[in-house]
Amino acid sequence: MSGAPRDPAVAGTFYPADPKLLGSLVDSLLRGAAAVPRPEGLAGATVLGLLVPHAGLAFSGALAASSWRLAGEIEPTTIVLAGTDHQAWASGVGVWTGGPWRTPLGEAPIDRQLADRIAALGPPFAAENSAHDAEHSLEVQLPLLIRACPGARIVPLAVSPRLGNHAEAGARLGWLLAHLRAAGERILLVASSDLAHYPPANVCEAVDRELLEPLLRLDADGLFALETHLLHSNLPGLVCGLCGIDPVRFSLAALTAMGATKGLLLAAATSADAGGDRRRTVGYAAAAFV
């Protein structure tokens, strides 16, 4: 495989850098996820995509593990990761076309053929490895991904706030992935986003409940309209409803094109549930799209 590997940017901050400590934490999180009841309608359904949070593992790792444990049961060969581009480094959808992503638990190999095909879709898709260099939203998934889905290849996508037509871009990706799945390839699409940022815990829980309704309906336009409304409602401390509104809108369009009709909530919580300050919280959710 050509291309330079990506070294960890947030090991030691968002998750332990020590392989033994990290491995113990990840294994504990995945064991805990096994005890979480699954939603009705999941058994026997074809899971096309997942939603995962991306805060530090101490805060949102238990939620992310609910999604990644399910991914391990699906056994995908390739996982397309649509991540939040917090700093807007990508021009649209920045595709990683370089070498493997390194973690303290080993390397996640790149599905270079699929990465090249996605980049070749043309604008807003482009090979932009630099958009991923310091971004944490996908890196923090890899310890759980590597443990739950050993050997799976990845295609990291940085979805920028500068992306214009989320629906059109997402549909183009979804049509490609649907075609490949129809040919027998086991591909899973995973969107990375946290939910409400910085309101008190009770407000955070209420905002998250509202936003999850259109999200689980795969209603990207409704989700965006609701977040916009909430941001103009003078709710205390609220600065965003989804920090990953762009990858989520993009991914919902892709999942619809892939044939998904609904989302099923696997788990939801706030940073206060993990011991954080109840006066200033962040919301998290894990979901499966079928």
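Structure's up top.
Just so you know, these numbers come straight off a predicted model, no measurement behind them.

Novice: Looking at this structure, how should I read the sheet that holds strand 3 (residues 93-95)?
Specialist: Adjacent strands of a sheet pair through backbone hydrogen bonds, lying either parallel or antiparallel. Pairing is mixed in the open sheet, where 8 strands are placed in the order 6-3-7-2-8-1-10-9. The open sheet has two edge strands, strand 6 (125-127) and strand 9 (263-270), and neither has a second partner. In this sheet, adjacent strand axes meet at a mean angle of 20° when their direction is disregarded. Bridge count between strand 1 (residues 49-52) and strand 10 (residues 283-289): 3 bridges; the pairing is antiparallel. When the bridges of strand 10 are listed, Leu-50 appears paired with Ala-288. On the sheet, helix 2 (residues 57-74) packs against strand 1, strand 2 (78-84), strand 8 (187-192), strand 9 and strand 10 and is oriented at approximately 10° with respect to strand 10.

Novice: Teacher, can you tell me more about helix 5 (residues 166-182) here?
Specialist: What sets the pattern is the α-helix's 3.6 residues per turn: residues three or four places apart point alike. Taking 1.5 Å of rise per residue, the 17 residues of helix 5 would be expected to cover 24 Å, and the 24 Å separating its terminal C-alpha atoms lies within 8% of that figure. On the buried face of helix 5, the contacting elements are strand 2, helix 3 (112-119), strand 6, strand 7 (153-159), strand 8 and helix 8 (245-258). The N-capping residue of helix 5, defined by a side-chain oxygen 3.3 Å from the backbone nitrogen of Ala-167, is Asn-165. Directly after helix 5, the chain includes Gly-184, whose backbone phi takes a positive value near 105°.

Novice: Can you help me understand the packing of aromatic side chains in this one?
Specialist: Aromatic ring pairs are reported here in terms of the distance separating the ring centres and the angle at which the planes meet. Scanning the model with the defined rule gives 2 aromatic pairs in all. Taking the centre distance of 6.1 Å and the plane angle of 55° together, the rings of Phe-125 and Phe-250 count as tilted. Here the residue Phe-125 occupies a position in strand 6, and Phe-250 occupies one in helix 8, the gap between them amounting to 125 residues. Per residue, the accessibility class of Phe-125 equals that of Phe-250, and both read buried.

Novice: In this structure, what is going on with the packing of helix 3 against helix 5? I would like to understand it.
Specialist: In a pair of packed helices, the angle between the axes and the distance between the axes together describe the arrangement. Relative to each other, helix 3 and helix 5 sit at 145°, their axes nearing to 11 Å. The handedness of the crossing between helix 3 and helix 5 comes out as right-handed. On helix 5, the residues touching Leu-114, Arg-117 and Ile-118 of helix 3 are Leu-173, Leu-176, Leu-177, His-179 and Leu-180. Its residues placed into classes, the contact of helix 3 with helix 5 shows 6 nonpolar, 1 polar and 1 charged.

About the criteria used
Residues numbered from 1 in each chain as written. Predicted model: local features only at pLDDT ≥ 70, side-chain atom pairs only at ≥ 80, totals over all residues. Heavy atoms only, no water. Pairing = 2+ DSSP bridges. Helix = DSSP H or I, 4+ residues; strand = E, 2+ residues; numbered from the N terminus. Axes fitted to C-alpha atoms, helices over the stretch in contact; angles between N-to-C directions. Contact = heavy atoms within 4.5 Å. Expected span 1.5 Å × (residues − 1). Polar contact = N/O pair within 3.5 Å; in protein donor to acceptor, adjacent residues only side chain to side chain. Phe/Tyr/Trp six-rings, centres within 6.5 Å; stacked < 30°, edge-to-face > 60°. Buried < 20%, exposed > 50% of the residue type's maximum accessible area, 1.4 Å probe, protein only. Left-handed = near helix turned anticlockwise from the far one by under 90°. Nonpolar A, V, L, I, M, F, W, Y, C, P; charged D, E, K, R; others polar.

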